[in-house]
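Structure assessment
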Amino acid sequence: MLKVIKLSGELEIGRKDAIEHELHIEGNERGILLDFGEVTYADSTVLAILLRFHAEARRAGMPIAILIGSRQFARLIEYAGLAHAFSIFTERAAALTHLANQTRQ
Amino acid sequence: MIGQSELRINCVARAAAARPMRHAVACFLAATGVAADTADDILTAVGEALANVMEHAYDPACPSDVELHARFQEHARLAIDVFDRGQFVRRDARPGRGFGLRIVRAIAREVSIDTHDGTRLRMVFDAPVAQAVL
């Protein structure tokens, strides 16, 4: 089962608890798409949560793809030096293809 | 006159205050004609500075004030100070953290931190004005 976690709007410190609540692994997924295509702003609070979630997924052997729609979010990741830490996509189809390829391996 | 434009905000440093403070800075940048791409980066840095205060400056049970002061300088530069009266925590020293200051330093032309009697983070940005609105 491919799981899609969709968050939108502004992902920032004021929503920290809600974001942490949304990002969790149930264990029966074959891959997870983090759909941030409608996120308009993000801060490093989210990056710390993403890093923890990514590490948890890696331990579980779970591929993750991140869909990003805003330039601000993409540049935040670049400025933090994390551009190569995640599988990031700007097109949903490409993200889904990546997950499909990962789950076949 | 852009050179005389400034913004001052004072709020209680709760996490919920970061968003409206950031939005006030966004309105200031738009009103003064700062280009959208530049404004995005400045707002990212301001958001990091505010998040750092909200998360680390005070005991969450009894937060005090956070102040923001933005003003234009010569040569199309914008100085933004974020000031609190709490205790400075250098996030770089904590494993897996420290992105906030790293991001601020990647965006701002100059960054300085004064920890005398609270913490004052000063950021200076190149902020060319696309159109003179004020």
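Everything below is about the structure shown above.
Here the structure is a predicted model, which is why all the values come from computation and not from measurement.

Looking now at the packing of helix 2 (residues 44-59) of chain A against helix 3 (residues 99-107) of chain B. For the pair helix 2 of chain A and helix 3 of chain B, the least separation of the axes is 9 Å and the interaxial angle reads 130 degrees. In this view, helix 2 of chain A runs oblique relative to helix 3 of chain B, as classed from their interaxial angle. Here helix 2 of chain A and helix 3 of chain B pass one another in a crossing that is right-handed. Of the residues in helix 3 of chain B, those touching helix 2 of chain A at S44, L47 and L51 of chain A are F99, G100 and I103 of chain B. Across the contact of helix 2 of chain A with helix 3 of chain B, the residue classes tally to four nonpolar, two polar and no charged.

Attention shifts here to the environment of T90 of chain A. Residue and element names in this part refer to chain A. If you trace the backbone, T90 turns up in the loop between strand 4 (88-89) and helix 4 (92-104). Under the relative-accessibility criterion, T90 is labelled exposed at 61%. C-alpha of T90 to C-alpha of D35: the two residues are 55 residues apart in sequence and 10.0 Å apart in space. Beyond its immediate sequence surroundings of up to four residues, T90 is in contact with L67 and I68.

This part covers the interface of chain B and chain A. Contacts between the two partners involve 23 residues from chain B, matched on the other side by 19 residues from chain A. With both sides pooled, the region where chain B packs onto chain A buries about 1700 Å², and carbon together with sulfur makes up 53% of that total. For the interface between chain B and chain A, the tally reads seven salt bridges. Notably, a salt bridge pairs D40 of chain B with R71 of chain A, separated by 3.7 Å at the nearest N-O pair. At the boundary of chain B and chain A, one finds 10 residue pairs in polar contact (both at pLDDT 80 or more). Those elements giving two or more residues to the side of chain B that touches chain A turn out to be helix 1 (18-31), helix 2 (36-56) and helix 3 of chain B. In terms of residue count, helix 2 of chain B provides more of the side of chain B that touches chain A than any other element does, 10 residues in total. Counted by class, the side of chain B that touches chain A contains nine nonpolar, four polar and 10 charged residues.

This brings us to helix 3 (residues 71-79) of chain A. Side chains that are three or four residues apart share a direction in an α-helix, a result of its 3.6 residues per turn. Residues and elements named next belong to chain A. The complete set of buried residues in helix 3 reads Q72, F73, L76, I77 and Y79. For helix 3, the angular spread of the buried residues around the axis is 165 degrees, confining them to a single face. Following helix 3 by one or two positions, G81 has its phi on the positive side, about 75 degrees.

Neighbouring strands of a sheet are bound in pairs by backbone hydrogen bonds; such pairs are parallel or else antiparallel. Residue and element names in this part refer to chain B. If you walk across this open sheet you meet the five strands as 1-2-3-5-4, and the pairing is antiparallel. Taken across any chain shown, the strands that pair with only one partner, and hence form the sheet edges, are strand 1 (6-12) and strand 4 (110-114). Each strand of the sheet is rotated relative to its neighbour by a mean of 10 degrees, with strand direction disregarded. Here strand 1 runs beside strand 2 (residues 65-73); their pairing, made up of seven bridges, is antiparallel.

Attention shifts here to the environment of L33 of chain A. Residues and elements named next belong to chain A. Mapping L33 onto the fold places it in strand 2 (residues 31-42). Judged by its relative accessible area of 0%, L33 is buried. A C-alpha to C-alpha distance of 6.2 Å links L33 and I5, two positions 28 residues apart in sequence. Not counting the four nearest positions on each side in its chain, L33 is found in contact with L2, K3, V4, I5, A65, L67, R92, A95, L96 and L99.

Cut-offs used in this document
Residues numbered from 1 in each chain as written. Chains lettered and ligands numbered in written order. Predicted model: local features only at pLDDT ≥ 70, side-chain atom pairs only at ≥ 80, totals over all residues. Heavy atoms only, no water. Axes fitted to C-alpha atoms, helices over the stretch in contact; angles between N-to-C directions. Helix = DSSP H or I, 4+ residues; strand = E, 2+ residues; numbered from the N terminus. Parallel < 35°, antiparallel > 145°, perpendicular 65-115°, else oblique. Left-handed = near helix turned anticlockwise from the far one by under 90°. Contact = heavy atoms within 4.5 Å. Nonpolar A, V, L, I, M, F, W, Y, C, P; charged D, E, K, R; others polar. Buried < 20%, exposed > 50% of the residue type's maximum accessible area, 1.4 Å probe, protein only. Buried area = accessible area lost by both parts, 1.4 Å probe. Salt bridge = Lys/Arg side-chain N within 4 Å of Asp/Glu carboxyl O. Polar contact = N/O pair within 3.5 Å; in protein donor to acceptor, adjacent residues only side chain to side chain. Arc of directions from axis to C-beta. Pairing = 2+ DSSP bridges.

Everything listed is a geometric property; what it means functionally is a separate question.
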